[in-house]
Amino acid sequence: MAKQLTSEQKRAIIAACREDIVFFAKHIAGSDLTPKQIEFATKWMANRRISFKGGVGFGKTHVMAVVILWALFCLNNVQVTIFGPGEGQIKDGIWKEIGNIWGAMDAEWKDLFDYQATRISRRDSPTGAFAAFRLASKDNLESARGIHMRNNFVFVDEASGVPDEIFHVLGNIFSDVNPKLCLISNPARKSGYFFETWENPELSQIWTHVHGKMADNPRLTPEAFREMAISYGGKGTHDYQINVEGEFPLEEEGGVIPAPLVQAAIDNEDAVAPADAPIVWGLDPNGGGRDRSVIAKRQDNVVREVKDFPNLDAVQLAQAVFDEYHGSTRKPVEICVDANGPGYGVYVMLSNMGLPVKKVMVQASPTRDPQIYTRLRDQLWWECRKWFEDGNVRIPNHQDLIKELTFPTYDRDAGKIKVEDKKSIRKRGRKSPDFADALCLTFATNANQHTGKWAWSKPIEYDVRHYE
Ligand SMILES: Nc1ncnc2c1ncn2[C@@H]1O[C@H](COP(=O)(O)OP(=O)(O)OP(=O)(O)O)[C@@H](O)[C@H]1O
Ligand SMILES: [Mg+2]
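Here the structure is a predicted model, which means the values were calculated and not measured. (Residues numbered from 1 in each chain as written. Chains lettered and ligands numbered in written order. Predicted model: local features only at pLDDT ≥ 70, side-chain atom pairs only at ≥ 80, totals over all residues. Heavy atoms only, no water.)

Taken domain by domain, the chain holds domain 1 (8–216) and domain 2 (253–467). Taken over C-alpha atoms, the centre of domain 1 sits 42 Å from the centre of domain 2. With eight residues of domain 1 at the contact, the number on the domain 2 side is five residues. Sorting the residues of domain 1 by area buried against domain 2 places F195, E199 and P201 first, and these three jointly supply 66% of that buried surface. Our enumeration of links across domain 1 and domain 2 arrives at one salt bridge. K403 is the partner of E199 in a salt bridge, and the nearest nitrogen-oxygen pair spans 3.2 Å. Summed over the shared surface of domain 1 and domain 2, the result is one residue pair in polar contact (both at pLDDT 80 or more). Per element, the largest residue contribution to the side of domain 1 that touches domain 2 is three residues, and it comes from helix α8 (residues 193–199). Tallied by class, residues from the side of domain 1 that touches domain 2 come to three nonpolar, two polar and three charged. (Domains from an automatic or database assignment. Contact = heavy atoms within 4.5 Å. Buried area = accessible area lost by both parts, 1.4 Å probe. Salt bridge = Lys/Arg side-chain N within 4 Å of Asp/Glu carboxyl O. Polar contact = N/O pair within 3.5 Å; in protein donor to acceptor, adjacent residues only side chain to side chain. Helix = DSSP H or I, 4+ residues; strand = E, 2+ residues; numbered from the N terminus. Nonpolar A, V, L, I, M, F, W, Y, C, P; charged D, E, K, R; others polar.)

See the structure below:
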């Protein structure tokens, strides 16, 4: 047994832990945190509202237990309250993990705490430093009221399954000096408060996000990862999204572009673009407001890349696209720019800079099949759907892109296809589908359509030196 520490030495160690949660994890809790766990712990310490979504088994519950013990170890006037949808799930999950870490501590640290079935406290301050758990159910709203302490830390485990009313009541803690509300969950449900902290355009801005994937578990061998990924059903499927990607599942019904088609295209290695097929870019610009500006790069049946440019005004964006163009070894034959509203200036600037831009007015009449479409936007989305329907296509496993592609719905209005507009998408609580729009814009070109149906027919002026 190690030599007893003096109380002065102990105080020095506690002070060091207070500044450095990774140090605490290693030397007191006996745990080497993974990079993702460190990201969570660091963000938790620096913020008041933290929403942590993730796939299975990479250590969410473990790092939550470490953080809770850190708070009890280092701070005074601290109350930690853990909410969960079921008592069994809390006891077998977070409470057991706290008990395991506590049980393995060196005796001199372990003895600081009194660990009970529903409560853990520091012996020198049983009512001034303690954690307890409560059931989060609609019948038990009172349990969420009146929780006040200087350092008032609330965790909601499996937050996807907790009723919204609980979160509204928990808002009361923010009148305290140092409150923190932390939600942790698998993203199992596409509605409810936890979902909104990620997807609602307004609410998501006040939450600090941490996102983990099954692959963030360094103990998982590539072989074990591969087997688990297969067992969850493959990229883009409901279970794969939740458990492997740690992402909310895709919309499964009513979308312009059916989810199974998108799933089949994600990282589809069988789809190879003809080497001489031209590349087309779609640019969805934003003049400096809330939306991102996005470029999608498509070569026939393969989307090579989607890339966003956040928070640029029109001039900065034009410069960024100019640089992107000249920095590309494989240059596009055409850049289709959404020139409505703020995009118009970007289009004009790019045109003056000599880039091969095409002006696309998505709100104007369709350029093909006016008997089927009302506006060009409907046409472009529907042609994107047809591109997926033809199969043998590939898109990157980019979560914003795949979620946005499957989200908008459509109607048939007097026989014409009408794709859900951005206003309605926002009303349903989602951000503007900039990535999907950028991909749809690539279908505005005359240069390059799908090999099968719309083979490239005229010669292109192409700078072959830029082609490897
Ligand atoms: N940094 C670490 N050091 C040692 N063990 C760890 C570490 N992180 C997690 N573990 C262990 O790995 C196992 C899985 O971790 P944990 O239960 O925290 O995962 P989870 O993400 O909450 O999983 P689930 O999605 O199933 O809820 C647990 O036994 C836990 O003790
Ligand atoms: Mg867990």
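The subject of this paragraph is helix α15 (residues 399–406). With seven of its eight residues buried, α15 lies for the most part within the structure. Where α15 is concerned, the buried positions are Q399, L401, I402, K403, E404, L405 and T406. (Buried < 20%, exposed > 50% of the residue type's maximum accessible area, 1.4 Å probe, protein only.)

What follows deals with the pattern of salt bridges. What the rule picks out here adds up to 23 salt bridges. In this structure, E247 engages K53 in a salt bridge whose closest nitrogen and oxygen atoms are separated by 2.9 Å. Placement of the pair is E247 in the loop between α10 (238–245) and α11 (259–265) and K53 in strand β1 (residues 49–54), with a sequence separation of 194 residues. The burial state of E247 is the same as that of K53; both residues are buried.

Moving on: the sheet that holds strand β13 (residues 357–360). In space, the five strands of this open sheet follow the order β11-β10-β9-β12-β13, with mixed pairing throughout. With partners counted over all chains shown, the strands left at the sheet margins are β11 (302–309) and β13, one partner each. The sheet shows a mean angle of 20° between the axes of neighbouring strands, direction not considered. Where strand β9 (residues 279–284) and strand β10 (residues 293–299) come together, six bridges link them in antiparallel fashion. Each bridged residue has a counterpart across the sheet, and for I279 the counterpart in β10 is Q299. (Pairing = 2+ DSSP bridges. Axes fitted to C-alpha atoms, helices over the stretch in contact; angles between N-to-C directions.)

Mapped onto the fold, M149 is located in the loop between β5 (129–135) and β6 (151–157). We classify M149 as buried; its relative accessible area is 16%. In this structure the C-alpha to C-alpha distance between M149 and G246, which are 97 residues apart in sequence, comes to 33 Å.

Ranked by size, the top nonpolar core spans 48 residues in total, and within it F40 and V80 carry the most contacts. Excluding anything up to four places from it in sequence, V80 contacts I68, A71, L72, F130, A131, A132, F153 and F155. Within the second largest apolar cluster, 39 residues are counted, among which are A259, W382, F388 and L401. (Core = buried A, V, L, I, M, F, W, Y, C linked by side-chain atoms within 4.5 Å.)

The next thing to look at is the site of ligand 1. Around ligand 1 sit 14 residues in total, of which D32, K60, T61, H62 and E97 are the nearest. Backbone polar atom of G59 to an oxygen atom of ligand 1: 3.0 Å apart, as the coordinates give it. Here ligand 1, which alone exposes 630 Å², has 66% of that area covered by the protein. With three residues, helix α4 (residues 60–74) is the single largest residue contributor to the shell around ligand 1. Its residues assigned to classes, the shell around ligand 1 comprises three nonpolar, seven polar and four charged. (Near = heavy atom within 4 Å. Areas by Shrake-Rupley, 256 points an atom, 1.4 Å probe, with all protein chains shown as cover.)

For D267, which is not glycine, the phi torsion reads 50° and is therefore positive. Tracing the backbone shows D267 in the loop between α11 and β9. Look at D267 and you get partly exposed, because its relative accessible area is 30%. Despite not being glycine, N392 shows a phi value in the positive range, around 50°. Examined against the element boundaries, N392 turns out to sit in the loop between α14 (376–389) and α15. In this structure N392 comes out as partly exposed when scored by relative accessible area, which is 43%.

Between helix α12 (residues 314–327) and helix α13 (residues 343–352), whose axes approach to 9 Å, the crossing angle comes to 45°. Classified by the angle between their axes, α12 and α13 sit oblique to one another. Once α12 is placed against α13, the crossing between them reads as right-handed. Only V346, M349 and L350 of α13 make contact with α12, whose side of the interface consists of A314, V315, L317, A318, V321 and F322. Looking at the contact of α12 with α13 residue by residue, the class counts come to nine nonpolar, no polar and no charged. (Parallel < 35°, antiparallel > 145°, perpendicular 65-115°, else oblique. Left-handed = near helix turned anticlockwise from the far one by under 90°.)

Right, let's get into the state of the cysteines. Overall, the coordinates contain zero disulfides when judged by the stated rule. In this model C17 remains outside any disulfide bridge; the closest cysteine sulfur is found in C74, 5.2 Å from its own. Residue C17 is classed as buried on the basis of its relative accessible area, which comes to 0%. (Disulfide = S-S within 2.5 Å.)

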